[in-house]
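Letter by letter, the chains look like this.
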Amino acid sequence: MSKAKKLIVANWKMNPETYGKAEELFLEIKEAARPISKVDIVIAPPAIYLGELASLYSGSRIAFAGQDAFWEKKGAHTGEISLPMLKDSGATHVIVGHSERRARGESDEDVNKKVLAAVGAGSIVILCIGESDRDHRSGHHLEFLTKQISSALRGVPQNKLSRIVVAYEPIWAIGKSEEEAMQPAELHETVLIIKKNIAQLYGKAAALKMRILYGGSTGPKNTERLLAEGEVDGLLVGKASLSSKEFAEMLQIAQRIS
Ligand code: PGA
């Protein structure tokens, strides 16, 4: 996956309710993806649907991701899913540190262990970071992000950095209407700070190569501005990825401006 292409990730979260509906949604997205040559597309369905959906696909336009993974390879960890299991089901990517998981108790240390395990297993990590409304309003969000980045990447060697994509998702902007997404100008400023943080840890060249995505109330109406003016390399899409029509429009916009 080169940085030249935009990367659009569909995070289905705990949706849809049945495998039948997931298959229908996937087949519609698969059709929509056919002419999209300039965008890398990743779909993160619930893990229970992953293997079956991946087996329906033999093309190269779409890759699959787990929404989370545990750091141990196997063992007595009821309810957890390992990276080898995800890979075996067809996932090349894994989302780590989503704010909805952090809200359920995942610590910075847990996120770091998952990042290390995932790069070790050869997966591409979509590392989610993002501040709360309180941190944002108090103006402390940049320090907060710096801390989240350095703790998530602790111990990740330079030569594994190409396997990491950062998804900046301000928590206050997730799951709202498109009008409530972060404004592109502010996004651009934040992306520069994220890159500066990466540069401090790994050098400027590595920071410039790293893909930075935005997530939080993205949809067809704000895709163009977020990508172009926000200067991000792609989007992590929640709600709008559950509508094949909206998601297809977003792919078409990303293709047009790539
Ligand atoms: P949203 O979710 O697009 O529904 O805001 C984004 C996310 O949480 O990844």
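To be clear, the structure that these remarks concern was listed above.
Treat the numbers as computed from the prediction; the structure is a model and nothing was measured. Every chain is numbered independently, its residues counted from 1 as its sequence is written. Given that this is a predicted model, residues contribute local features only at a pLDDT of at least 70 and side-chain atom pairs are listed and counted only at 80 or more, while totals for whole chains, interfaces and linings are drawn from all residues. The basis for every side-chain value is the complete set of non-hydrogen atoms in the structure, without hydrogens or water.

Undergrad: What's the story with the pairing of strand β1 (residues 6–11) in this structure? I'm lost.
TA: In summary, the side chains of a regular strand alternate between the two faces of the sheet. Categorising residues by exposure relies on relative accessible area from a 1.4 Å probe, with only protein chains included: less than 20% of the type maximum marks a residue as buried, more than 50% marks it as exposed, and the intermediate range marks it as partly exposed. Only DSSP runs of H or I covering at least 4 residues are called helices, and only runs of E covering at least 2 are called strands; the numbering of each starts at the N terminus. With respect to burial, β1 is a largely interior element, six of its six residues being buried. In β1, alternate side chains face the same way, and those of K6, I8 and A10 on one face and L7, V9 and N11 on the other are all buried. Handedness of the β-α-β unit built from β1, helix α1 (residues 19–33) and strand β2 (residues 39–44) comes out right-handed. Note that β1 and strand β8 (residues 234–237) share four bridges and pair parallel. What sits directly across from I8, in β8, is L235. A crossover counts as right-handed when, viewed with the strands pointing away from the observer, the path leading from the first strand over the helix to the second turns clockwise. At least two DSSP bridges between two strands are needed for those strands to be called paired.

Undergrad: How should the site of the ligand be read in this particular structure?
TA: Nearness of a residue to a molecule or strand requires only that one of the residue's heavy atoms be within 4 Å of it. By nearness alone, every residue bordering the ligand is listed as N11, K13, H98, E169, I174, G175, G216, S217, L236, V237, G238 and K239. Throughout this description, a polar contact denotes any pair of N or O atoms lying within 3.5 Å of each other; where both atoms belong to protein, one of them has to be capable of donating a hydrogen while the other can accept it, and for residues adjacent in sequence the pair is counted only when both atoms sit in side chains. A distance of 3.5 Å is found between an oxygen atom of the ligand and a side-chain nitrogen or oxygen belonging to N11. Side-chain polar atom of H98 to an oxygen atom of the ligand: 2.8 Å apart, as the coordinates give it. Under the scheme applied here, ten amino acids are nonpolar (Ala, Val, Leu, Ile, Met, Phe, Trp, Tyr, Cys and Pro), four are charged (Asp, Glu, Lys and Arg), and all others, including Gly, are polar. Taken together, the residues of the shell around the ligand break down into three nonpolar, six polar and three charged.

Undergrad: Even after reading the chapter, I still don't get empty space enclosed by the protein, so can you show me in this structure?
TA: In this analysis a 1.4 Å probe is tested at points of a 1 Å grid over the protein atoms alone, and where it fits but cannot get out there is a cavity; an open set with protein on both sides within 12 Å along at least five of seven lines is a pocket; lining residues have an atom within 4 Å of a point. Grid points are joined across faces, edges and corners, and a volume is the space filled by probe spheres set on the points. Within this structure, the stated rule accounts for one cavity of 30 Å³ or more. Its volume calculated, the largest cavity comes out at about 30 Å³. Lining the largest cavity, in full, are G97, S99, R102, C128, I129, G130 and E169. Of all the elements in the fold, those that place two or more residues in the lining of the largest cavity are α4 (99–102) and β5 (124–129). Of the residues assigned to the lining of the largest cavity, the class counts are two nonpolar, three polar and two charged.

Undergrad: Where do I start with α1 in this structure?
TA: Helical geometry: 3.6 residues make up each α-helical turn, so side chains three or four residues apart lie on a common side. In this analysis, the expected span of each helix is defined as 1.5 Å times one less than the number of residues it contains. When the terminal C-alpha atoms of α1 are compared, their 20 Å separation across 15 residues agrees well with the 21 Å that a helix rising 1.5 Å per residue should span. Of all the positions in α1, only A22, L25, F26, I29, A32 and A33 are classed as buried. Relative to the axis of α1, the buried residues are bounded by an arc of 120 degrees and lie together on one face. Any pair of residues with heavy atoms lying within 4.5 Å of one another is described as a contacting pair. On the buried face of α1, the contacting elements are β2, α2 (47–55), β3 (62–66) and α11 (244–257). Relevant arc is that of directions from the helix axis to the C-beta atoms, nothing else.

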